[in-house]
Amino acid sequence: MEEFFDESDITRAIVEETAKELVDFSEVDVVIVGAGSSGLTAAFYLAKKGKKTLVLERRLSLGGGIGGGGMLFHKIVIADYAKDILDDIGCKYLKYKGNENILITDTSELMLKLGNAAINAGAKILFGISVEDVIFRENPLRISGVVIQWSAVPLAGLHVDPLMIKSKAVIDATGHDAEVVRIATKKIKELKTNVIGEKSMYSYKGEKILVEKTGEVVPGLYATGMAVAAIYNLPRMGPIFSSMLLSGRKVAEIISHNIK
Ligand code: 48F
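What counts as what
- Residues numbered from 1 in each chain as written.
- Predicted model: local features only at pLDDT ≥ 70, side-chain atom pairs only at ≥ 80, totals over all residues.
- Heavy atoms only, no water.
- Near = heavy atom within 4 Å.
- Polar contact = N/O pair within 3.5 Å; in protein donor to acceptor, adjacent residues only side chain to side chain.
- Areas by Shrake-Rupley, 256 points an atom, 1.4 Å probe, with all protein chains shown as cover.
- 1 Å grid on protein atoms, 1.4 Å probe; cavity = no way out; pocket = protein on both sides within 12 Å on 5 of 7 lines; lining within 4 Å.
- Sits in = over half its atoms within 2 Å of the grid points.
- Helix = DSSP H or I, 4+ residues; strand = E, 2+ residues; numbered from the N terminus.
- Nonpolar A, V, L, I, M, F, W, Y, C, P; charged D, E, K, R; others polar.
- Buried < 20%, exposed > 50% of the residue type's maximum accessible area, 1.4 Å probe, protein only.
- Right-handed = clockwise from strand over helix to strand, strands pointing away.
- Pairing = 2+ DSSP bridges.
- Phe/Tyr/Trp six-rings, centres within 6.5 Å; stacked < 30°, edge-to-face > 60°.
- Lys NZ or Arg CZ within 6 Å of the ring centre and 35° of its normal.
- Expected span 1.5 Å × (residues − 1).
- Contact = heavy atoms within 4.5 Å.

Engineer: When you look at the site of the ligand in this model, what are you seeing that I'm missing?
Structural biologist: In the vicinity of the ligand lie 26 residues, with Ser38, Glu57, Gly65, His176 and Gly238 positioned nearest. In the environment of the ligand, an oxygen atom lies 2.8 Å from a nitrogen or oxygen atom belonging to the backbone of methionine 226. Contacts to the ligand include glycine 238, whose backbone N or O atom sits 2.7 Å from an oxygen atom. Here the ligand, which alone exposes 730 Å², has 93% of that area covered by the protein. Among the detected pockets, the ligand sits in the largest pocket. Where the shell around the ligand is concerned, the elements lending two or more residues are helix H2 (37-48), strand S2 (53-57) and strand S7 (129-137). The leading source of residues in the shell around the ligand is S7, at three residues. Tallied by class, the residues present in the shell around the ligand amount to 10 nonpolar, 12 polar and four charged.

This is how it looks when you write it as structure tokens:
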């Protein structure tokens, strides 16, 4: 029997291509931490603008909180003021008959269409990588990249030194914990930042202020999605995702303007 490939070909193909890409992505325009709704939206619009965009996701899947829907029901809602983003990514929806300002979509459709749009636009999404720290520079003080580790390493309780990725901008899209800003706040006192945590539920108000507050937190470090709520103590909004999409697009616009 003629054999088309050998086990060593499989290994070489994976290792060679991974190494080539990791070298290429050791310095990028933007690192996005978290492949949830806000991070993927930011990735889509940044890549569309031609920015070299790398999304790092701790888990082995994308979508973050989208998959859980509302209390595990497989629908989520989006206010119609974010309809153009659904159209941009080709995500289908229904208008809710009880209130036409509310659009309804499937969790699986939204997560896959967001991921698909980001990848088609040219963003690279890597799974199983956790951001454990930031890189900084002084005079002027600035965040200039991230420190990464395989997610499996801390789970195994091992001490393994990390690797680093330089970038012109870092986006904290880690959701309710605002992990990246929290770490930078704890370790770099000179930043004088604070992460208070989100406020209780007020859906409409939460949506509005979250988009308003989306932007640069300290030089080089930006926040989008629920990370913004955690940083500024804004009301949570539950399984309505319009502000996640609008926040992702807004941070992409700000960064596209700020970096060359
Ligand atoms: O939690 P997540 O979906 O954040 P989001 O984009 O969306 C929030 C909504 O899901 C929902 C809501 C909407 O109204 O309230 O909760 O703000 O996605 C965050 C992603 O970041 C990953 C995490 O696994 C998830 O997929 N993540 C968190 N910390 C890290 C990380 C880290 N340190 N390194 C890499 N990935």
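Next, the rest of the story.
Engineer: Explain the pairing of S2 to me, please; I cannot follow it from the model alone.
Structural biologist: Sheet faces and side chains relate simply in a regular strand, where the side chains alternate between the two faces. For S2, the tally of buried residues reaches five of five residues, placing the bulk of the element in the interior. With burial as the criterion, each face of S2 is covered, one bearing Thr53, Val55 and Glu57 and the other bearing Leu54 and Leu56. Traced from strand S1 (residues 27-33) through H2 to S2, the parallel crossover comes out right-handed. Here four bridges tie S2 to strand S6 (residues 124-127), and the two strands are oriented parallel to one another. Residue pairing across strands places valine 55 opposite isoleucine 125, the latter belonging to S6.

Engineer: Is there a simple way to explain unusual backbone geometry in this structure?
Structural biologist: Leave glycine aside and you will find that most residues have negative phi; peptide bonds, for their part, are mostly trans. The linkage connecting asparagine 139 with the following residue, proline 140, adopts the cis geometry, with an omega of 0 degrees. As for its placement among the helices and strands, proline 140 is situated in the loop between S7 and strand S8 (142-150). Phi at alanine 178 takes a positive value of approximately 40 degrees, unusual for a residue other than glycine. Examined against the element boundaries, alanine 178 turns out to sit in the loop between strand S9 (163-172) and helix H6 (179-187). Residue alanine 178 is classed as buried on the basis of its relative accessible area of 0%. Although it is not a glycine, lysine 192 adopts a positive phi angle of roughly 55 degrees. Within the secondary structure, lysine 192 sits in the loop between H6 and strand S10 (199-201).

Engineer: Would you mind showing me how to read the environment of methionine 1 here?
Structural biologist: The topology assignment puts methionine 1 in the segment before helix H1 (7-24). By relative accessible area, which is 89% here, methionine 1 ends up exposed. Sequence spacing of methionine 1 and lysine 49 is 48 residues, and the spatial spacing of their C-alpha atoms is 50 Å.

Engineer: Would you take a moment to explain the packing of aromatic side chains for this structure?
Structural biologist: The way to describe two aromatic rings as a pair is by their centre distance and the angle between their planes. Scanning all chains against the criterion turns up one aromatic pair. Judged by centre distance (4.7 Å) and plane angle (55 degrees), the rings of phenylalanine 44 and tyrosine 45 are tilted. Since its relative accessible area comes to 6%, phenylalanine 44 is described here as buried. In this arrangement the basic side chain of lysine 52 is found over the ring face of phenylalanine 25, its NZ or CZ atom lying 5.5 Å from the centre. The ring of tyrosine 81 has lysine 208 sitting right over it, with the charged end atom 4.2 Å from the ring centre.

Engineer: How should helix H4 (residues 107-121) be read in this particular structure?
Structural biologist: An α-helical turn contains 3.6 residues, so any two residues separated by three or four positions project in the same direction. Spanning 15 residues, H4 covers 21 Å between terminal C-alpha atoms, matching the ideal 21 Å at 1.5 Å per step. Burial in H4 covers these residues: Thr107, Glu109, Leu110, Met111, Leu114, Gly115, Ala117 and Ala118. Contact partners of the buried residues in H4: H2, strand S3 (75-79), helix H3 (83-89), strand S5 (102-106), S6 and helix H9 (242-258). A positive backbone phi angle near 115 degrees is found at glycine 122, which sits one or two residues after H4.

Shape is all these values report; function is a separate question.
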